[in-house]
Structure formats: C-alpha cells, structure tokens
Amino acid sequence: SYFLLPTFYNSSEISKELNEELQNKLDLNFKFSKNIKYNFFPTPHFTIKESKIIGNQNEISKINKLKIFISFDNLFSVKNIKVKNVILENANFNLNIKNFNFFKELLNKNFEKGNFIIKDSNVFFRNIDNEVLFITKIFKMKYYYEPKELKNFLYSENEIFNMPFSIVSFFGEDKNKIFSQINFKSIKLKINNQL
C-alpha cells in the first residue's frame, strides 16, 4: 500500500512537482501531456507519453515516452518527491546553431543521485533555414556520476551516416576543458579530443 500511494495523487499537482524537480535537477523545462501514469515495478516511477523539452521558448525535443523514477523516501508527500533516474525513449531532438550545446551543457548538471538516459532517439541538426543537415541516431546515451573520479560522465552509443560509434565525454578538473574519446569500431579508429 505504501508503494501504491502516488496513484492517489492529483495529476496536475504531481505534474507541477515533477516539472519543478526536473527544472532544479537538470535545468530543463519539460512540458507534459495530461497522460501521467504511476508504476511501482521495478521501482516507483511515473510514465508520461508525448512530452516535450522547451528551451528559450523553442521546442528542443519531442519525447514519445518519458520515465521519471522517484525516491522511496517521502512517498507520502507530493511536495517532497525526489527525482532519481530520468529515461527518455523515442525522442526527436532538433538542434541548430543556437542550441547545439544542449548535450554538452547537461554534463554540468547534478547526477550524484540519479542518471539521465536517452534511448532509441534521433538528433536532427538543422541550419538557419530549418533544413536538416544530418541526422544522428542515439541507441543509448547515459549521463552518470562516477564517485571514484568525482565527476560526471557521458557515455553514448550512436550512429551517423550508417556508421556506428561510441563516445565518452567528461569535464577536466577546472571545468574549462571537456575531454572526449570517439570510437569507430567498424573502421578501427579512435579519436581523442579536447575542447
């Protein structure tokens, strides 16, 4: 019965609280549909169909399925719900010269108490006229905190122009440099990069 408590929450109230939690945790503005469902298996979480990420009053992403996993603590109180892991599935990201840093800026967020995962999604890079320049497929992208290294990491498995590759990125100690390693296994090529 303890785990079923969130099923009795008011959907508009829980939508507001989840949105505020995501704003605080990830600095992302989500727009939810009214279709919010609660599940307690394997751990308590909310599933939201057809949501969006908005940035500077523009739509950055359309998300087919959003899963927000919450902490076991404070299930009695809507206002004290804490977001742990966030999973985006079947999302389409629209990036251009104004917001191309979207994935890099996420590395600065707080992942000590939960991961941010993107699965089976696409990134459309567009020019000023909104024409698609190229598309990158995301099989699985994961932002996580590594306690031994005391820093956030990004690991992603992608595909561009039918060529699969993986990428690992992290900020240096002074947060002024970002280090990346891109691995194209099919052509046995590794690229180490520093920005």
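Below or above, wherever it landed, is the structure these notes cover. (Residues numbered from 1 in each chain as written. Predicted model: local features only at pLDDT ≥ 70, side-chain atom pairs only at ≥ 80, totals over all residues. Heavy atoms only, no water.)

**Remarks on the pattern of salt bridges**
- Overall, the coordinates contain three salt bridges when judged by the stated rule.
- We note a salt bridge from lysine 109 to aspartate 27, for which the minimum N-O separation is 3.8 Å. Remark: aspartate 27 occurs in the loop between α1 (11–26) and β1 (29–31) and lysine 109 occurs in the loop between α2 (102–106) and β6 (116–126); sequence separation between them is 82 residues.
- Accessibility expressed as a relative area gives 49% for aspartate 27, which makes it partly exposed.
- One salt bridge connects glutamate 89 with lysine 67, and the closest N-O pair in it is separated by 3.7 Å. Taken together, the positions of glutamate 89 in strand β5 (residues 83–95) and lysine 67 in strand β4 (residues 58–70) put the pair 22 residues apart, joining distant regions of the chain. (Salt bridge = Lys/Arg side-chain N within 4 Å of Asp/Glu carboxyl O. Helix = DSSP H or I, 4+ residues; strand = E, 2+ residues; numbered from the N terminus. Buried < 20%, exposed > 50% of the residue type's maximum accessible area, 1.4 Å probe, protein only.)

**Section: the environment of serine 186**
- Within the secondary structure, serine 186 sits in the loop between β10 (178–184) and β11 (189–194).
- Those residues in contact with serine 186, other than ones at most four positions away along the chain, are Met163 and Pro164. (Contact = heavy atoms within 4.5 Å.)

**A few points about a nonpolar patch on the surface**
- The grouping of Ile97, Phe100 and Ile128 at the surface amounts to a nonpolar patch, some 400 Å² of accessible area in total.
- Position of isoleucine 97 among the secondary structure elements: in the loop between β5 and α2. (Patch = residues over 30% accessible without salt bridge, like charges linked within 9 Å, V, L, I, M, F, W, Y side chains within 5 Å. Areas by Shrake-Rupley, 256 points an atom, 1.4 Å probe, with all protein chains shown as cover.)

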